[in-house]
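Residue-level structure breakdown
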2 protein chains.
Amino acid sequence: MKISEVIYSLYKLAKVGAIDGVNISTNELGKLLGLSQQSASRRLIDLEALGYIYREIRGGKSYVIITEKGYNLLKKFYLDLRMIFEKDKNVLFRLRGRVFTGFGEGAYYTSLPGYKTQFVQKLGFEPYPGTLNLRLDLESIKMRKELELLDGIIIHGFEHNGRTYGSAKCFKALIENKIKGAILLIERTHYGIDVLEVVAPVNLRKSLKLKDGDWVTVTVLI
Amino acid sequence: MKISEVIYSLYKLAKVGAIDGVNISTNELGKLLGLSQQSASRRLIDLEALGYIYREIRGGKSYVIITEKGYNLLKKFYLDLRMIFEKDKNVLFRLRGRVFTGFGEGAYYTSLPGYKTQFVQKLGFEPYPGTLNLRLDLESIKMRKELELLDGIIIHGFEHNGRTYGSAKCFKALIENKIKGAILLIERTHYGIDVLEVVAPVNLRKSLKLKDGDWVTVTVLI
DNA sequence: ATTACTACACACCGAGTAA
DNA sequence: TTTACTCGGTGTGTAGTAA
(Lines give C-alpha, C1' and ligand atoms only; values in the text may rest on other atoms or scores of the structure.)
Protein backbone atom coordinates (compact mmCIF):
# COMPACT_ATOMS: atom_id res chain seq x y z
CA MET A 1 0.00 0.00 0.00
CA LYS A 2 1.34 3.36 -1.02
CA ILE A 3 2.18 5.95 1.63
CA SER A 4 0.08 8.53 -0.17
CA GLU A 5 -2.96 6.29 0.17
CA VAL A 6 -2.22 5.67 3.84
CA ILE A 7 -2.05 9.40 4.52
CA TYR A 8 -5.13 10.19 2.51
CA SER A 9 -7.12 7.45 4.22
CA LEU A 10 -5.98 8.52 7.69
CA TYR A 11 -6.80 12.12 6.83
CA LYS A 12 -10.35 11.27 5.78
CA LEU A 13 -10.79 9.03 8.80
CA ALA A 14 -9.44 11.71 11.15
CA LYS A 15 -11.82 14.21 9.61
CA VAL A 16 -14.81 12.13 10.68
CA GLY A 17 -13.43 11.58 14.14
CA ALA A 18 -11.26 8.47 13.97
CA ILE A 19 -8.63 10.04 16.24
CA ASP A 20 -11.09 9.58 19.08
CA GLY A 21 -12.82 6.61 17.46
CA VAL A 22 -15.65 6.50 14.95
CA ASN A 23 -18.35 4.08 13.85
CA ILE A 24 -18.47 3.99 10.08
CA SER A 25 -19.62 1.49 7.47
CA THR A 26 -17.29 0.48 4.67
CA ASN A 27 -19.88 1.85 2.31
CA GLU A 28 -19.70 5.32 3.89
CA LEU A 29 -15.92 5.17 4.01
CA GLY A 30 -15.88 4.18 0.36
CA LYS A 31 -17.80 7.30 -0.51
CA LEU A 32 -15.37 9.44 1.47
CA LEU A 33 -12.38 7.88 -0.25
CA GLY A 34 -13.90 7.62 -3.71
CA LEU A 35 -13.85 3.84 -3.56
CA SER A 36 -16.33 0.99 -3.65
CA GLN A 37 -17.54 -0.64 -0.47
CA GLN A 38 -15.34 -3.62 -1.22
CA SER A 39 -12.22 -1.56 -1.65
CA ALA A 40 -12.92 0.46 1.48
CA SER A 41 -13.23 -2.80 3.37
CA ARG A 42 -9.87 -3.93 2.08
CA ARG A 43 -8.39 -0.52 2.84
CA LEU A 44 -9.35 -0.92 6.50
CA ILE A 45 -7.91 -4.41 6.60
CA ASP A 46 -4.63 -3.17 5.12
CA LEU A 47 -4.42 -0.13 7.41
CA GLU A 48 -4.93 -2.39 10.39
CA ALA A 49 -2.30 -4.87 9.18
CA LEU A 50 0.17 -1.99 8.88
CA GLY A 51 -0.67 -0.82 12.39
CA TYR A 52 -2.14 2.55 11.47
CA ILE A 53 -5.61 1.87 12.82
CA TYR A 54 -7.31 -0.36 15.34
CA ARG A 55 -10.58 -1.79 14.20
CA GLU A 56 -13.47 -3.93 15.41
CA ILE A 57 -17.06 -4.59 14.43
CA ARG A 58 -19.54 -2.72 16.60
CA GLY A 59 -23.24 -2.85 15.94
CA GLY A 60 -22.68 -4.32 12.49
CA LYS A 61 -20.47 -1.42 11.41
CA SER A 62 -16.73 -0.90 11.60
CA TYR A 63 -15.46 0.95 14.63
CA VAL A 64 -12.18 2.61 13.67
CA ILE A 65 -9.64 4.37 15.84
CA ILE A 66 -6.31 5.70 14.61
CA THR A 67 -3.34 4.25 16.50
CA GLU A 68 -0.43 6.28 17.80
CA LYS A 69 1.59 5.20 14.76
CA GLY A 70 -1.12 6.50 12.46
CA TYR A 71 -1.55 9.67 14.48
CA ASN A 72 2.16 10.40 14.38
CA LEU A 73 2.33 9.85 10.62
CA LEU A 74 -0.53 12.25 9.99
CA LYS A 75 0.80 14.78 12.49
CA LYS A 76 4.21 14.78 10.83
CA PHE A 77 2.49 15.66 7.59
CA TYR A 78 0.55 18.39 9.26
CA LEU A 79 3.67 19.90 10.81
CA ASP A 80 5.50 19.75 7.48
CA LEU A 81 2.64 21.56 5.80
CA ARG A 82 2.57 24.11 8.58
CA MET A 83 6.24 24.81 7.92
CA ILE A 84 5.47 25.22 4.24
CA PHE A 85 2.49 27.52 4.62
CA GLU A 86 3.41 29.55 7.71
CA LYS A 87 7.10 29.92 6.89
CA ASP A 88 7.36 33.40 5.46
CA LYS A 89 4.11 34.71 6.88
CA ASN A 90 4.17 37.32 9.63
CA VAL A 91 2.96 34.87 12.24
CA LEU A 92 0.31 36.81 13.96
CA PHE A 93 -1.61 36.58 17.14
CA ARG A 94 -4.52 38.68 18.07
CA LEU A 95 -5.02 38.90 21.79
CA ARG A 96 -7.94 40.42 23.50
CA GLY A 97 -8.37 41.51 27.10
CA ARG A 98 -10.11 43.94 29.42
CA VAL A 99 -8.46 46.96 30.91
CA PHE A 100 -7.88 46.93 34.65
CA THR A 101 -5.97 49.11 37.09
CA GLY A 102 -2.78 47.46 38.36
CA PHE A 103 -0.45 48.18 41.24
CA GLY A 104 0.87 51.26 39.48
CA GLU A 105 4.47 50.09 39.48
CA GLY A 106 4.66 50.02 35.68
CA ALA A 107 5.27 53.75 35.70
CA TYR A 108 8.26 53.25 37.99
CA TYR A 109 9.88 50.48 35.98
CA THR A 110 9.40 51.98 32.53
CA SER A 111 11.07 55.20 33.68
CA LEU A 112 14.16 53.43 35.06
CA PRO A 113 17.13 54.31 32.82
CA GLY A 114 18.29 50.66 32.91
CA TYR A 115 15.10 49.67 31.06
CA LYS A 116 14.29 52.86 29.20
CA THR A 117 17.47 52.94 27.12
CA GLN A 118 16.89 49.35 26.04
CA PHE A 119 13.31 50.13 25.02
CA VAL A 120 14.47 53.03 22.87
CA GLN A 121 17.22 50.97 21.28
CA LYS A 122 15.29 47.73 20.70
CA LEU A 123 11.72 48.89 20.19
CA GLY A 124 12.39 52.29 18.66
CA PHE A 125 10.37 54.40 21.03
CA GLU A 126 10.56 55.87 24.51
CA PRO A 127 7.75 54.33 26.53
CA TYR A 128 5.16 56.50 28.18
CA PRO A 129 5.76 55.90 31.89
CA GLY A 130 3.22 53.26 32.85
CA THR A 131 1.85 50.07 31.35
CA LEU A 132 -1.67 49.25 30.27
CA ASN A 133 -2.82 46.08 32.04
CA LEU A 134 -5.14 43.71 30.23
CA ARG A 135 -6.88 40.70 31.68
CA LEU A 136 -6.93 38.27 28.75
CA ASP A 137 -9.78 36.12 27.58
CA LEU A 138 -9.40 32.33 27.52
CA GLU A 139 -8.23 32.06 23.93
CA SER A 140 -5.73 34.86 24.38
CA ILE A 141 -4.21 33.08 27.36
CA LYS A 142 -3.54 30.10 25.07
CA MET A 143 -1.91 32.42 22.54
CA ARG A 144 0.12 34.02 25.30
CA LYS A 145 1.45 30.60 26.24
CA GLU A 146 2.61 30.11 22.64
CA LEU A 147 4.29 33.50 22.73
CA GLU A 148 6.24 32.39 25.80
CA LEU A 149 7.85 29.73 23.62
CA LEU A 150 8.82 32.12 20.85
CA ASP A 151 11.95 34.21 20.60
CA GLY A 152 11.04 37.81 21.18
CA ILE A 153 12.95 41.00 21.83
CA ILE A 154 14.80 40.54 25.12
CA ILE A 155 15.05 43.41 27.57
CA HIS A 156 17.85 42.37 29.89
CA GLY A 157 17.69 42.64 33.64
CA PHE A 158 20.34 44.49 35.60
CA GLU A 159 21.57 45.22 39.09
CA HIS A 160 21.53 48.61 40.72
CA ASN A 161 22.39 49.59 44.26
CA GLY A 162 22.34 45.94 45.29
CA ARG A 163 18.84 45.37 43.91
CA THR A 164 18.25 43.09 40.91
CA TYR A 165 15.78 44.01 38.22
CA GLY A 166 14.41 41.10 36.17
CA SER A 167 14.38 40.74 32.40
CA ALA A 168 11.42 40.76 30.05
CA LYS A 169 10.51 39.52 26.60
CA CYS A 170 8.78 41.91 24.20
CA PHE A 171 6.90 41.69 20.95
CA LYS A 172 6.04 44.65 18.81
CA ALA A 173 2.32 45.12 18.62
CA LEU A 174 -0.46 47.27 17.29
CA ILE A 175 -3.01 48.34 19.88
CA GLU A 176 -6.57 48.69 18.61
CA ASN A 177 -5.15 48.74 15.05
CA LYS A 178 -4.03 52.29 15.75
CA ILE A 179 -1.09 52.75 18.06
CA LYS A 180 2.29 51.10 17.67
CA GLY A 181 3.65 49.75 20.89
CA ALA A 182 4.77 46.47 22.42
CA ILE A 183 3.61 43.78 24.77
CA LEU A 184 5.76 42.76 27.71
CA LEU A 185 6.13 39.24 29.03
CA ILE A 186 7.77 39.99 32.33
CA GLU A 187 9.96 37.35 33.91
CA ARG A 188 9.14 38.01 37.54
CA THR A 189 5.71 39.55 37.53
CA HIS A 190 3.20 39.94 40.31
CA TYR A 191 0.42 39.12 37.92
CA GLY A 192 -0.77 35.76 36.65
CA ILE A 193 -0.52 34.43 33.09
CA ASP A 194 -3.92 35.93 32.30
CA VAL A 195 -2.45 39.42 32.47
CA LEU A 196 -0.71 41.18 29.63
CA GLU A 197 1.20 44.42 30.03
CA VAL A 198 1.29 46.80 27.11
CA VAL A 199 3.61 49.74 26.53
CA ALA A 200 3.49 52.48 23.92
CA PRO A 201 5.09 55.88 23.33
CA VAL A 202 1.84 57.52 24.41
CA ASN A 203 -0.65 57.23 27.23
CA LEU A 204 -2.87 54.46 25.91
CA ARG A 205 -5.68 55.06 28.37
CA LYS A 206 -5.95 58.66 27.25
CA SER A 207 -5.31 58.22 23.53
CA LEU A 208 -7.85 55.42 23.19
CA LYS A 209 -10.24 56.81 25.81
CA LEU A 210 -10.11 53.59 27.78
CA LYS A 211 -11.60 52.87 31.16
CA ASP A 212 -11.53 49.77 33.32
CA GLY A 213 -13.52 46.91 31.82
CA ASP A 214 -13.13 48.02 28.19
CA TRP A 215 -12.03 45.37 25.72
CA VAL A 216 -8.80 46.01 23.85
CA THR A 217 -7.40 44.10 20.88
CA VAL A 218 -3.64 43.76 20.57
CA THR A 219 -2.17 42.55 17.27
CA VAL A 220 1.22 40.96 17.84
CA LEU A 221 3.64 41.38 14.97
CA ILE A 222 6.52 38.98 14.57
CA MET B 1 -4.58 10.04 -11.37
CA LYS B 2 -5.73 9.59 -7.83
CA ILE B 3 -6.25 12.64 -5.63
CA SER B 4 -4.07 11.11 -2.93
CA GLU B 5 -1.17 10.95 -5.37
CA VAL B 6 -1.79 14.53 -6.47
CA ILE B 7 -1.69 15.77 -2.88
CA TYR B 8 1.37 13.72 -2.01
CA SER B 9 3.23 14.90 -5.09
CA LEU B 10 2.33 18.54 -4.46
CA TYR B 11 3.37 18.17 -0.84
CA LYS B 12 6.79 16.82 -1.77
CA LEU B 13 7.21 19.47 -4.44
CA ALA B 14 6.14 22.24 -2.06
CA LYS B 15 8.63 20.96 0.49
CA VAL B 16 11.50 21.57 -1.92
CA GLY B 17 10.21 24.98 -2.89
CA ALA B 18 7.83 24.47 -5.80
CA ILE B 19 5.41 27.05 -4.43
CA ASP B 20 7.91 29.69 -5.50
CA GLY B 21 9.38 27.54 -8.29
CA VAL B 22 12.11 24.91 -8.19
CA ASN B 23 14.59 23.33 -10.57
CA ILE B 24 14.53 19.58 -10.10
CA SER B 25 15.41 16.58 -12.27
CA THR B 26 12.90 13.80 -12.69
CA ASN B 27 15.50 11.52 -11.14
CA GLU B 28 15.62 13.59 -7.94
CA LEU B 29 11.84 13.89 -7.87
CA GLY B 30 11.57 10.15 -8.32
CA LYS B 31 13.65 9.62 -5.21
CA LEU B 32 11.46 12.03 -3.25
CA LEU B 33 8.31 10.27 -4.35
CA GLY B 34 9.64 6.73 -4.19
CA LEU B 35 9.32 6.34 -7.94
CA SER B 36 11.59 5.68 -10.90
CA GLN B 37 12.86 8.52 -13.05
CA GLN B 38 10.41 7.51 -15.74
CA SER B 39 7.43 7.53 -13.41
CA ALA B 40 8.43 10.87 -11.95
CA SER B 41 8.56 12.23 -15.49
CA ARG B 42 5.09 10.96 -16.19
CA ARG B 43 3.90 12.29 -12.84
CA LEU B 44 4.98 15.79 -13.83
CA ILE B 45 3.30 15.46 -17.22
CA ASP B 46 0.07 14.34 -15.55
CA LEU B 47 0.15 17.06 -12.89
CA GLU B 48 0.63 19.65 -15.59
CA ALA B 49 -2.21 18.23 -17.72
CA LEU B 50 -4.48 18.47 -14.67
CA GLY B 51 -3.43 22.07 -14.07
CA TYR B 52 -1.77 21.59 -10.71
CA ILE B 53 1.69 22.64 -11.81
CA TYR B 54 3.34 24.71 -14.48
CA ARG B 55 6.45 23.21 -15.94
CA GLU B 56 9.24 23.93 -18.40
CA ILE B 57 12.73 22.69 -19.13
CA ARG B 58 15.42 24.98 -17.75
CA GLY B 59 19.08 24.13 -17.98
CA GLY B 60 18.30 20.53 -18.88
CA LYS B 61 16.22 20.00 -15.75
CA SER B 62 12.54 20.45 -15.04
CA TYR B 63 11.52 23.77 -13.59
CA VAL B 64 8.33 23.25 -11.61
CA ILE B 65 5.98 25.76 -10.04
CA ILE B 66 2.72 24.93 -8.34
CA THR B 67 -0.26 26.73 -9.86
CA GLU B 68 -2.98 28.45 -7.88
CA LYS B 69 -5.18 25.39 -8.35
CA GLY B 70 -2.48 23.18 -6.91
CA TYR B 71 -1.75 25.61 -4.11
CA ASN B 72 -5.39 25.79 -3.10
CA LEU B 73 -5.72 22.02 -3.09
CA LEU B 74 -2.71 21.59 -0.83
CA LYS B 75 -3.75 24.47 1.38
CA LYS B 76 -7.21 23.04 1.86
CA PHE B 77 -5.58 19.80 2.92
CA TYR B 78 -3.39 21.73 5.36
CA LEU B 79 -6.27 23.73 6.82
CA ASP B 80 -8.31 20.57 7.27
CA LEU B 81 -5.43 19.03 9.18
CA ARG B 82 -5.14 22.16 11.24
CA MET B 83 -8.81 21.83 12.14
CA ILE B 84 -8.16 18.24 13.15
CA PHE B 85 -5.06 18.87 15.23
CA GLU B 86 -5.87 22.26 16.69
CA LYS B 87 -9.52 21.58 17.39
CA ASP B 88 -9.00 22.01 21.14
CA LYS B 89 -8.20 25.61 20.35
CA ASN B 90 -11.66 26.68 19.35
CA VAL B 91 -10.66 30.00 17.88
CA LEU B 92 -9.92 29.79 14.23
CA PHE B 93 -9.18 33.38 13.38
CA ARG B 94 -9.58 36.80 14.82
CA LEU B 95 -10.56 39.26 12.12
CA ARG B 96 -10.71 42.98 12.49
CA GLY B 97 -12.43 45.56 10.35
CA ARG B 98 -14.10 48.95 10.33
CA VAL B 99 -17.83 49.43 10.21
CA PHE B 100 -19.26 50.96 7.05
CA THR B 101 -22.71 51.47 5.63
CA GLY B 102 -23.49 49.13 2.75
CA PHE B 103 -26.17 49.07 0.10
CA GLY B 104 -28.74 48.08 2.69
CA GLU B 105 -29.74 44.91 0.91
CA GLY B 106 -28.64 42.72 3.83
CA ALA B 107 -31.91 43.47 5.57
CA TYR B 108 -33.83 42.21 2.53
CA TYR B 109 -31.89 38.98 2.14
CA THR B 110 -31.77 38.01 5.82
CA SER B 111 -35.53 38.37 6.05
CA LEU B 112 -36.25 36.14 3.05
CA PRO B 113 -37.87 32.92 4.33
CA GLY B 114 -35.62 30.86 2.00
CA TYR B 115 -32.60 32.04 3.94
CA LYS B 116 -34.12 32.73 7.35
CA THR B 117 -35.25 29.17 7.99
CA GLN B 118 -31.78 27.87 7.15
CA PHE B 119 -30.18 30.36 9.52
CA VAL B 120 -32.43 29.27 12.37
CA GLN B 121 -31.83 25.61 11.66
CA LYS B 122 -28.09 25.73 11.05
CA LEU B 123 -26.92 28.63 13.20
CA GLY B 124 -29.45 28.38 15.97
CA PHE B 125 -30.78 31.92 15.84
CA GLU B 126 -33.07 34.11 13.82
CA PRO B 127 -30.95 36.85 12.30
CA TYR B 128 -31.76 40.46 12.97
CA PRO B 129 -32.76 41.78 9.52
CA GLY B 130 -29.60 43.40 8.22
CA THR B 131 -25.92 42.62 8.17
CA LEU B 132 -23.06 44.54 9.72
CA ASN B 133 -20.49 45.36 7.04
CA LEU B 134 -16.84 45.43 7.97
CA ARG B 135 -13.95 46.59 5.81
CA LEU B 136 -11.14 44.27 6.89
CA ASP B 137 -7.53 45.16 7.59
CA LEU B 138 -4.74 43.52 5.57
CA GLU B 139 -4.11 40.59 7.90
CA SER B 140 -7.81 39.88 8.17
CA ILE B 141 -8.11 39.73 4.39
CA LYS B 142 -5.47 36.99 4.43
CA MET B 143 -7.45 35.13 7.07
CA ARG B 144 -10.61 35.58 5.07
CA LYS B 145 -8.95 33.93 2.08
CA GLU B 146 -8.14 30.95 4.26
CA LEU B 147 -11.72 30.77 5.43
CA GLU B 148 -12.84 30.55 1.81
CA LEU B 149 -11.02 27.22 1.56
CA LEU B 150 -12.50 25.77 4.72
CA ASP B 151 -15.70 23.80 5.09
CA GLY B 152 -18.14 26.02 6.87
CA ILE B 153 -21.87 25.92 7.41
CA ILE B 154 -23.49 26.07 4.01
CA ILE B 155 -26.61 28.13 3.45
CA HIS B 156 -27.99 26.84 0.17
CA GLY B 157 -29.23 29.06 -2.60
CA PHE B 158 -32.70 28.67 -4.05
CA GLU B 159 -34.98 29.82 -6.81
CA HIS B 160 -38.12 31.84 -6.29
CA ASN B 161 -40.39 33.41 -8.88
CA GLY B 162 -37.80 32.81 -11.57
CA ARG B 163 -35.04 34.57 -9.65
CA THR B 164 -32.10 32.65 -8.28
CA TYR B 165 -30.67 33.44 -4.88
CA GLY B 166 -27.04 32.42 -4.35
CA SER B 167 -25.62 30.34 -1.55
CA ALA B 168 -23.33 31.40 1.29
CA LYS B 169 -20.84 29.86 3.68
CA CYS B 170 -21.04 30.74 7.35
CA PHE B 171 -18.87 30.42 10.41
CA LYS B 172 -20.11 30.95 13.95
CA ALA B 173 -18.41 33.91 15.51
CA LEU B 174 -18.22 36.08 18.59
CA ILE B 175 -18.47 39.80 17.90
CA GLU B 176 -16.46 42.03 20.24
CA ASN B 177 -16.17 39.07 22.66
CA LYS B 178 -19.78 39.69 23.56
CA ILE B 179 -22.39 38.75 21.04
CA LYS B 180 -22.80 35.37 19.40
CA GLY B 181 -23.45 35.58 15.70
CA ALA B 182 -21.94 34.43 12.43
CA ILE B 183 -19.92 35.70 9.52
CA LEU B 184 -21.16 35.25 5.98
CA LEU B 185 -19.02 34.49 2.96
CA ILE B 186 -21.49 35.22 0.22
CA GLU B 187 -21.08 33.48 -3.11
CA ARG B 188 -22.23 36.29 -5.36
CA THR B 189 -21.60 39.46 -3.45
CA HIS B 190 -21.40 43.03 -4.65
CA TYR B 191 -18.52 43.68 -2.29
CA GLY B 192 -14.84 42.85 -2.66
CA ILE B 193 -12.86 40.34 -0.64
CA ASP B 194 -11.99 43.05 1.88
CA VAL B 195 -15.58 43.13 3.08
CA LEU B 196 -17.03 40.83 5.70
CA GLU B 197 -20.72 40.59 6.47
CA VAL B 198 -21.76 39.74 10.00
CA VAL B 199 -25.14 38.59 11.24
CA ALA B 200 -26.45 38.19 14.77
CA PRO B 201 -29.78 37.73 16.51
CA VAL B 202 -29.67 41.38 17.56
CA ASN B 203 -28.96 44.74 15.95
CA LEU B 204 -25.19 44.85 16.28
CA ARG B 205 -24.91 48.57 15.55
CA LYS B 206 -27.27 49.35 18.40
CA SER B 207 -26.13 46.73 20.89
CA LEU B 208 -22.46 47.61 20.51
CA LYS B 209 -23.09 51.35 19.95
CA LEU B 210 -21.22 51.24 16.67
CA LYS B 211 -20.88 53.95 14.10
CA ASP B 212 -19.12 54.07 10.74
CA GLY B 213 -15.35 53.86 11.07
CA ASP B 214 -15.35 52.01 14.40
CA TRP B 215 -13.10 48.97 14.60
CA VAL B 216 -14.77 45.66 15.38
CA THR B 217 -13.11 42.36 16.30
CA VAL B 218 -14.76 39.15 15.16
CA THR B 219 -13.59 35.87 16.67
CA VAL B 220 -14.35 32.98 14.34
CA LEU B 221 -15.22 29.80 16.24
CA ILE B 222 -15.07 26.19 15.12
C1' DA C 1 23.94 14.35 -18.06
C1' DT C 2 18.68 15.33 -19.20
C1' DT C 3 13.27 14.08 -20.63
C1' DA C 4 9.94 10.94 -22.04
C1' DC C 5 8.28 7.40 -25.37
C1' DT C 6 6.68 2.30 -25.84
C1' DA C 7 5.80 -2.14 -24.03
C1' DC C 8 4.77 -5.08 -20.59
C1' DA C 9 3.98 -6.66 -15.71
C1' DC C 10 1.41 -6.45 -11.71
C1' DA C 11 -1.04 -4.23 -8.03
C1' DC C 12 -5.32 -2.39 -7.22
C1' DC C 13 -10.08 -1.68 -7.97
C1' DG C 14 -14.78 -3.19 -8.43
C1' DA C 15 -18.40 -6.79 -9.67
C1' DG C 16 -20.34 -10.72 -8.07
C1' DT C 17 -21.36 -13.05 -4.21
C1' DA C 18 -21.16 -15.44 0.42
C1' DA C 19 -21.84 -15.17 5.20
C1' DT D 1 -28.61 -4.32 6.33
C1' DT D 2 -23.37 -5.40 7.35
C1' DT D 3 -18.13 -7.31 6.10
C1' DA D 4 -15.09 -9.34 3.01
C1' DC D 5 -13.95 -13.19 -0.13
C1' DT D 6 -12.50 -14.43 -5.30
C1' DC D 7 -11.49 -13.11 -9.79
C1' DG D 8 -10.99 -10.60 -13.97
C1' DG D 9 -9.99 -6.01 -16.14
C1' DT D 10 -7.21 -1.99 -16.05
C1' DG D 11 -4.57 1.80 -14.38
C1' DT D 12 0.07 2.67 -12.87
C1' DG D 13 4.94 1.70 -12.44
C1' DT D 14 9.32 0.20 -14.49
C1' DA D 15 12.67 -1.33 -18.00
C1' DG D 16 14.50 -0.42 -22.23
C1' DT D 17 15.62 3.03 -25.13
C1' DA D 18 15.49 7.28 -28.11
C1' DA D 19 16.44 12.02 -28.51
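Predicted model, so just to flag it, every value in this text is computed and none were measured.

Considerations on the confidence of the model for chain A
Looking at chain A as a whole, its pLDDT mean stands at 91, while 98% of the residues score no less than 70. The lowest-confidence element of chain A is helix α7 (residues 138–149) of chain A, averaging 87 in pLDDT; the highest-confidence one is strand β5 (residues 132–136) of chain A, averaging 97.

What about the interface of chain A and chain B?
Facing the 40 residues of chain A at the interface are 42 residues of chain B. In total, chain A and chain B occlude about 3,800 Å² of area from one another, counting both sides; carbon and sulfur atoms represent 59% of this. A per-residue breakdown of the area chain A buries against chain B is headed by A:Tyr78, A:Phe85 and A:Arg94, which together make up 19% of the total. At the boundary of chain A with chain B, the tally comes to 12 salt bridges.

Considering the side chain of B:Glu197
Residues and elements named next belong to chain B. Position of Glu197 among the secondary structure elements: in strand β11 (residues 195–199). Arg144 provides the closest opposite charge to the buried, salt-bridge-free Glu197, at an N-O distance of 7.5 Å. For Glu197, the side chain forms a polar contact with the side chain of Thr131, separated by 2.9 Å. Those residues in contact with Glu197, other than ones at most four positions away along the chain, are Thr131, Leu132, Asn133, Ala182, Ile183, Leu184, Ile186, Thr189 and Tyr191.

Structural notes on the pairing of β11(B)
Residue and element names in this part refer to chain B. Within β11, five of the five residues are buried, leaving the element largely enclosed by the surrounding structure. Burial along β11 is two-sided: Val195, Glu197 and Val199 and Leu196 and Val198, pointing in opposite directions, are all buried. For strand β5 (residues 132–136) and β11, the ladder comprises four bridges, and the chain directions are antiparallel. Within β11, the residue paired with Arg135 across the bridge is Val195. Bridge count between strand β10 (residues 179–186) and β11: three bridges; the pairing is antiparallel. What sits directly across from Ile183, in β11, is Val198.

Cut-offs used in this document
- Along each chain, residues carry numbers from 1 onward, in the same order as the chain's sequence is written.
- Here chains are named by letter from A upward and ligands by number from 1 upward, in the order in which they appear as written.
- Only residues with pLDDT of 70 or above have their local features reported here, since the model is predicted, and side-chain atom pairs are shown and tallied only from 80 upward, although totals for entire chains, interfaces and linings are computed over all residues.
- Side-chain descriptors were evaluated using all non-hydrogen atoms of the structure, hydrogens and water having been removed beforehand.
- Every residue is assigned a pLDDT by the predictor, reflecting its confidence on a scale from 0 to 100.
- Put simply, DSSP H or I for four residues or longer makes a helix, DSSP E for two residues or longer makes a strand, and each gets a number counted from the N terminus.
- Here a residue-residue contact requires only that any non-hydrogen atoms of the pair lie within 4.5 Å.
- Summed over both partners, the accessible surface that disappears when two parts come together, traced with a 1.4 Å probe, is what is meant by buried area.
- Should a side-chain nitrogen of Lys or Arg be within 4 Å of a carboxyl oxygen of Asp or Glu, the pair is scored as a salt bridge.
- Relative accessibility decides the category of a residue: with a 1.4 Å probe and only protein chains considered, values under 20% of the type maximum give buried, values over 50% give exposed, and everything between is partly exposed.
- Counted as positive: Lys and Arg. Counted as negative: Asp and Glu, with His and the chain ends omitted from the count.
- Each polar contact in these results corresponds to two N or O atoms within 3.5 Å; when the atoms are within protein, one needs to be able to donate a hydrogen and the other to accept it, and residues that are neighboring in sequence are counted only if both atoms are side-chain atoms.
- For two strands to be treated as a pair, DSSP must find at least two bridges joining them.

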